[in-house]
Each structure stands twice: as structure tokens, then as C-alpha cells.
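# Results of the structural survey
Now for the letters of each chain:
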Amino acid sequence: MSGHRRNLQLRGSSHIMVVNGLRAAWIIVVLWCEVYTFDHVLHDCQWPDIHQPDAPNARIARVLVIADPQIVDYRSYPMRNPLMKALGQFIIDLNLRRSWHSTINRVRPHAVVFLGDLMDNGRATMSNSEYDAYVARFYDIFKLKEFSIPTFFLPGNHDLGLGEDVSFSLEAGMRYTSHFGPWNHKTTIGNHTILFIDAVAMVEEDMIRADRGYSYNNWPAIAGGSVEFVQQYAAREHTSPVVLFTHIPLARPLDADCGPLRERGTIRQGHGLGYQNTLSNEASQFLLRLLGPSLIFSGDDHDYCDYSHSLPFSTASGSTTVREVTVKSFSMAMGIRRPGFQLLSLISTVPAMETLTQLPNSPPSLLDTPCFLPDQLGIYLNVYLPFILFSVLCLLAFDVHRSLRGNKQAQRQADVALRPIHNSCRTNNDELYRRSPGQSATEDTDDDSMLPLPVTKPAGPTPTRQLRGRSSSSSNSWTFYLLGRRRYTSLILPCSIANRGMHEVGLLRGFLSDVVEVAWPPLLVFCIAAWRAMHVWE
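Residues numbered from 1 in each chain as written. Predicted model: local features only at pLDDT ≥ 70, side-chain atom pairs only at ≥ 80, totals over all residues. Heavy atoms only, no water.

### Notes on the overall build of the protein chain
What counts here: Strands are runs of DSSP state E lasting at least two residues, helices are runs of H or I lasting at least four, and both sets are numbered from the N terminus onward. Only protein chains enter the calculation, and the probe is 1.4 Å; a residue is then buried if its accessible area is under 20% of its type maximum, exposed if over 50%, and partly exposed in between. Throughout, a residue-residue contact means that at least one pair of heavy atoms, one from each residue, lies within 4.5 Å. Computed with a 1.4 Å probe, the accessible areas rest on the Shrake-Rupley method; for each residue, only the protein chains presented here act as cover.
Counting secondary structure elements, the protein chain contains 10 helices and 17 strands. Per-residue burial over the protein chain gives 44% buried out of 538 residues. Residue pairs in contact within the protein chain that sit at least 24 positions apart in sequence constitute 76% of those at least 6 positions apart. By element, 59% of the accessible surface of the protein chain is carried by carbon and sulfur atoms, the whole surface being about 27800 Å².

Laid out in C-alpha cells, this is it:
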């Protein structure tokens, strides 16, 4: 019996080791993938100006550029059931919160620019209260007030709607300006002129111009539109370099290469309901000719692209080309594996005795570099899913092995106890196994020698004891009186079929119990990490 207890203790300690080992491994994996991986991936993300030699009286303005966060809502995935919609929105919002928190704490910019498509369905028809709640979600994810950082917004086709459709709200434009600012505007950062062009309105105006057969030279621009804004800016003399921000990329050849950092394909001209991949050739040349930008940033495409446009003239620095950088989407839900953002350093040099006008005594320069965020989808598919399968297989193999060992142990004990009776089952509570050695299944007893006439009395079946991973048995026993003496007999019934069912139920129950024991600690860690990400600045 001591050996049996020792085996039970060994099996119990092995079970604890397996469960606790998987728990610890899962907690480490969850902490790494949900918390530390964001800071680890951004560890090498540095401002491009840090490698520049120190210059006397240099002034550096650092701008964080974010494209297409596209906060999703229940309209974003119409084919999904409500539960999957809610789960998808929670996971995407959580990823955006963590990405933003790690980014803003890592780079600490002087200004932030959002390149449009702030919300996936900002253009949709909805009530004012629903739109206000939608915007509140955006500002709750991208917490800006806590840092007092100047922030500039640009409208995208998902914010305003491009073209006409019954699902597009007629109030989208007014709602956007009331929460995010004007469609076309400009500012000055680090002695550079920053122009924000409403490319959505420009596409719509460009289609009207083309339909009426005008060129940009004789086109009567729509009052308050993007074309008029560009014309008014170009009519004045400017000395500072121009950095152009547009949601929709400029036109380029069909086989234009986007560089090695793009995940797949290239940017091609095309259009559909509510979108257009690039500006037209005429609109693109109009912007390049009138503005002569030093650098262009665009979004909308979601993937990275670095392409150089030819200028119709030489710039002050003698360059005949201008780079356009299409910034990666900041969201994991936009069809790319590695979301990202762009860092822009605007460098200028001022006189030793600074003046309010900050006139440069040397040409300003600008530098930019991309940074990439964790592959969240890859974490789910390449880390969590294989580790789930590994954990399930480990628990299943351990429980099967433990059950088989327990079953063999019980069978050996049963065989020893049942040597006189073959091919039958037993129970631990069966009175048959409490008789002394050599006693037969039917035996006289010396009790109550003087008794009444013979009476036959059936006894109910002895309760069986079910042990997980071991065989059980059932039996029937009778006590009767014959010739004035009490007689006892027992009938043991075969129960292999019943035992097999009990064994399978016990194995499944034990396996599910082990899964729950392993799963709840890492799930608790995940929930705590999610709560922390949602309340980190509250």
C-alpha cells in the first residue's frame, strides 16, 4: 500500500510541475507580446538628426507623422456577428493604444501630424451624438492633451467621403471641421512652411474641371476649395522650403518602384466607391509646378512607398526631383503586417543673437526616417496559436499517460485480489474482498446458530467507487439461512464496457480541468495589461 501511495504522490507532483510550468511559460509569453515587445521593437527608432554633426545655433523641430489610424466601429466588418465585431474592435483599439503609448514615450516629438482617415466610418450617416462618441474614442486612444503637443489634422476619404453615395453623410464635412480643424491650412515649423492640402476635395474638383474641358491655367477655381488655396499661396513670395502633406498620393507611372521597405506591390492609379488611389496627372503637376515642395508626405495606401517625382524646374538647391513618402498605416487592421509611422526632423540655423523673426543664415534642411511597430497579427498566428497547440498536446499527452498508468495499477491490484474469480470486476467496498484468505465465495458463518426457519433475503448491489483513470466494478451479494446457519454468496458482474465509459469521462474531465488551471493565470495577466493600456494616463 505504501508503494501505491508513493506512486500517487509522484503522479501528483508531476501534474503540478506540468501545470505550473505551462502557466509560467504562458505568463512570460503574454507579458512579452502584450507589453514589452512594443518598447523592444521601437528601441532602435531614432530621430534622423541624431547622426548630424552639431552646428552652432542649430534649431531642430521634430515632427511625428501618423497615417490612416482608421478607428473601426460596428460598420467596419458588416459580415461578422456582433460578438466578433466587438472583439475585433477591442483588439484593434487595444493595439492602437499600446502603439501610441510606446511611440509617444519613445520619440517625444515637438509636433504631431495625422495624414487623414482618422476614423474608418467618419463619413457615414449617423446622429450627432454617435459621431461625438466616435470622435471621443479617437481622442481617448490618441491622448494628446496630456502632452500639450501641437497637433495638425488632414482629412481623408473615410473622414469626408469621396463622391456621392447614400451612405455618405451630408454633414461629414461640417462635423470634421468642428472636431479636427479646417480642410486646407498651413503653418510654420522650424523655418519650414507646412502645407496641408485637402486631397479629397481636390479630386472632386479635378473631376469637374476635366468634365468641363478646362486646364488648370484657365480653370475658375471653386471658392474655398483646394485649388484656390494652392493658387493663393503660390501668388505670394515665399523663401522658406515647403513640406507638402496630402492624404492621397500624387500620380506616378504604373511600374513605379516603392523601394525595399514596401511589403508588397506598388501604388497604381485606380478608383472606386469612395476612394481614388492617386491624384490625376494634371492635379499632380499642378501641385508640383505651383508649390515646388522640398518633401511630400502622403497616406491612404497603408503601405510604405518612397518615390521621387520630377520637378518642372530646378529648386534653389539645384535639385530637379522631390521625394514623396507614403507613410505606413498606424493600424494593424489595414492589410499590412508591420504598421508604422514617420519621423521628420526640420533643421535650421539662426543668428547668434536670436530675433523674433528667426531668419536663417543658412539653407534649412530636413531629414526623415520610417519606424515600424510590432507585427501583431504575426504574434497571434506565429506565437499564440502554436503555443496553444503545444500546451493542449502537452496536457493531453500527460493526462492520457497518467490515466493509463493509473488504470494499469488498478488492474494489477484487481488481478491479485481476484485470482479465484476470473474475468470479473471488483469494488473497493465489496465485502467479498474483506474475507480472510481461503474463504470461498459461499461460506457458512458461525453467527446466530439458533435461528428461525430459513428466510432468503436479497441484498442490494454494493455501491461502486469511481476513480478517475481506474476501472470500476459492480457486484450483487445475498445473505440467506439454510439448516439454521447463515449463508453468504456474491455474484460479480462483468463491467468492462461501463468502466471504459467511466474512464473516458474521467479523462476528458481531467483534461478540461487542466486546461482551465493553465489558462486562467495568463488570461488574468492579459486583462491586467489591457486595463493598464486603457487607463495608463488617467
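### A short note on the pairing of strand S12 (residues 340–349)
We apply this condition: Two strands qualify as a pair provided that DSSP identifies no fewer than 2 bridges between them.
Across the 10 residues that make up S12, a large majority, 10, are buried. What you see with S12 is no split at all: Gly340, Gln342, Leu344, Leu346 and Ser348 on one side and Phe341, Leu343, Ser345, Ile347 and Thr349 on the other are buried throughout. Where strand S1 (residues 58–66) lies against S12, 8 bridges are found, and the strand directions are antiparallel. Across the sheet, the residue bridging to alanine 58 is threonine 349, located in S12.

### Brief notes about the nonpolar core
Cut-off, in case you're wondering: Here, nonpolar core refers to any group of buried Ala, Val, Leu, Ile, Met, Phe, Trp, Tyr and Cys residues whose side-chain atoms link them within 4.5 Å.
In terms of nonpolar packing, the biggest core is built from 35 residues, with Leu64, Trp100, Phe114, Phe142, Phe180 and Phe341 touching the most fellow members. The set of elements that each furnish at least two residues to this core consists of S1, helix H2 (82–107), strand S2 (111–114), helix H3 (128–141), helix H5 (172–180) and S12. For phenylalanine 142, the residues in contact, after removing those within four places along its chain, are Pro69, Ile71, Leu96, Trp100, Phe114 and Phe330. By size, the runner-up hydrophobic cluster in this structure holds 26 residues, among which are Val227, Val230, Leu250 and Ala283.

### Things to note about the pairing of strand S10 (residues 305–310)
Burial of the side chains of S10 is restricted to one face: Cys305, Tyr307 and His309 are buried, whereas none of Asp306, Ser308 and Ser310 on the reverse face is. As paired strands, S10 and strand S11 (residues 321–326) are joined by 6 bridges and run antiparallel to one another. Paired with tyrosine 307 across the two strands is glutamate 324, which belongs to S11.

### As for the sheet that holds S10
Put simply, the rule is: Fitting a line to C-alpha atoms yields each axis, with helices limited to the stretch in contact; the angle taken between N-to-C directions then spans 0 to 180 degrees.
Read from one edge to the other, the open sheet built from 6 strands follows the order S4-S5-S6-S9-S11-S10, with strand pairing classed as mixed. Each having just a single partner strand, strand S4 (185–189) and S10 make up the two edges of the open sheet. Neighbour to neighbour, the strand axes of the sheet diverge by 20° on average, direction disregarded. Pairing analysis gives 4 bridges linking strand S6 (residues 242–246) to strand S9 (residues 295–298), with the strands arranged parallel.

### A few points about the packing of aromatic side chains
For clarity, the cut-off: Stacked, tilted and edge-to-face pairs are distinguished by plane angle, under 30 degrees for stacked and over 60 for edge-to-face with tilted covering the rest, among Phe, Tyr and Trp rings (Trp via its six-membered ring) whose centres lie within 6.5 Å. In this analysis the charged atom, NZ for Lys or CZ for Arg, is taken to sit over a ring once it is within 6 Å of the ring centre and within 35 degrees of the ring normal.
What the rule picks out here adds up to 24 aromatic pairs. Where phenylalanine 114 meets phenylalanine 138, the ring centres are 5.5 Å apart and the plane angle is 65°; that geometry is what we call edge-to-face. One end of the pair, phenylalanine 114, is in strand S2; the other, phenylalanine 138, is in helix H3, with 24 residues separating them in the sequence. According to the relative accessible area criterion, phenylalanine 138 is buried, its value standing at 0%. Each ring, one from phenylalanine 196 and one from phenylalanine 245, has its centre 5.3 Å from the other, and the planes form 25°; the classification is stacked. In this pair, phenylalanine 196 sits in strand S5 (residues 192–197) while phenylalanine 245 sits in strand S6, placing the two residues 49 residues apart along the sequence. One aromatic cluster is present, formed by Trp100, Phe114, Phe138, Tyr139, Phe142, Phe153, Tyr176, Phe180, Phe330 and Phe341 through successive ring pairs. Seen from the ring of tyrosine 77, arginine 80 lies directly overhead, with NZ or CZ sitting 3.9 Å from the centre. Lying across the ring of phenylalanine 526, arginine 98 places its NZ or CZ 5.9 Å from the centre.

### Here's the deal with the side chain of asparagine 95
The residue asparagine 95 is located in helix H2 in this model. Those residues in contact with asparagine 95 that sit more than four places away from it in its chain are Phe38, Met332 and Gln376.

### Describing the pattern of salt bridges
Which entries qualify depends on this criterion: Salt bridge, as applied in this entry: a Lys or Arg side-chain nitrogen positioned within 4 Å of an Asp or Glu carboxyl oxygen.
Applying the stated rule across the entire model yields 15 salt bridges. With its nearest N and O atoms 2.2 Å apart, the salt bridge here joins arginine 98 to glutamate 34. Of the two residues, arginine 98 sits in helix H2 while glutamate 34 sits in helix H1 (residues 2–41), which places them 64 residues apart along the sequence. You'll find arginine 98 and glutamate 34 in the same group, each marked buried.

### Looking at helix H6 (residues 199–211)
Spelled out, the test is: For a helix, the expected span equals 1.5 Å multiplied by the residue count minus one. Polar contact is the term for a pair of N or O atoms within 3.5 Å; when the atoms are in protein, one must be able to donate a hydrogen and the other to accept it, and sequence-neighboring residues count only if both atoms are side-chain atoms.
For H6, spanning 13 residues, the distance from its first C-alpha to its last is 18 Å, which sits close to the expected 18 Å at 1.5 Å a residue. Taken as a whole, H6 has its buried residues at Ala199, Val200, Ala201, Met202, Val203, Glu205, Asp206 and Arg209. The elements touched by buried residues of H6 are helix H4 (157–160), S5, helix H7 (226–234), S6, strand S8 (275–276) and helix H8 (281–291). If you check the start of H6, you find a side-chain oxygen 3.2 Å away from the backbone N of valine 200, and it comes from aspartate 198.

### Overview of the state of the cysteines
Where we set the bar: Cysteine sulfur atoms are paired as a disulfide whenever they come within 2.5 Å of each other.
Going through the model one piece at a time under the given rule, you end up with 2 disulfides. Here cysteine 45 engages in a disulfide with cysteine 371; their sulfurs sit 2.0 Å apart. Between cysteine 45 and cysteine 371, the disulfide has an S-S torsion of 90° and is therefore right-handed. Note that cysteine 45 is positioned in the loop between H1 and S1 and cysteine 371 in strand S13 (residues 362–372), a separation of 326 residues in sequence. With a sulfur-sulfur separation of 2.1 Å, cysteine 258 is cross-linked through a disulfide to cysteine 305. Looking down the S-S bond of the cysteine 258 and cysteine 305 bridge, the torsion is -80°, so its handedness is left-handed.

### A few points about a nonpolar patch on the surface
Note the following rule: Residues qualify for a patch when their relative accessible area is over 30% and they have no salt bridge, like charges being joined within 9 Å and the nonpolar side chains of Val, Leu, Ile, Met, Phe, Trp and Tyr within 5 Å.
Among the surface-exposed residues, Leu377, Leu381, Leu385 and Leu389 lie close enough to one another that they form a single nonpolar patch of about 340 Å² accessible area. Along the polypeptide, leucine 389 turns up in helix H9 (residues 376–417).

### Describing the packing of H3 against H5
So the rule is basically this: For this classification, under 35 degrees means roughly parallel, over 145 means roughly antiparallel, 65 to 115 means roughly perpendicular, and everything else is oblique. Two helices cross in a left-handed way if the nearer one is turned anticlockwise from the farther one by less than a right angle. They cross in a right-handed way if the turn is clockwise. We call Asp, Glu, Lys and Arg charged. Ala, Val, Leu, Ile, Met, Phe, Trp, Tyr, Cys and Pro are nonpolar, and the rest, Gly among them, are polar.
For the pair H3 and H5, the least separation of the axes is 12 Å and the interaxial angle reads 40°. When the axes of H3 and H5 are compared, the pair comes out oblique. Relative to H5, the crossing made by H3 is right-handed. From H3, Asn128, Tyr131, Asp132, Val135, Phe138 and Tyr139 reach across to H5, where they touch Arg175, Tyr176, His179 and Phe180. Tallied by class, residues from the contact of H3 with H5 come to 6 nonpolar, 2 polar and 2 charged.

### Quick notes on the confidence of the model for the protein chain
Which entries qualify depends on this criterion: A score from 0 to 100, pLDDT tells how confident the predictor is in each residue.
Per-residue confidence for the protein chain gives a mean pLDDT of 81; residues scoring 70 or more make up 75%. Here strand S15 (residues 456–458) stands out as the element of the protein chain with the lowest mean pLDDT, 45, in contrast to S9, whose mean of 97 is the highest. Considering only residues more than four positions removed or in separate chains, one finds that residues 354–362, a stretch of pLDDT under 50, has 12 contacts. Across residues 493–502, where pLDDT falls below 50, the model places 16 contacts with residues more than four positions away in sequence or in other chains.

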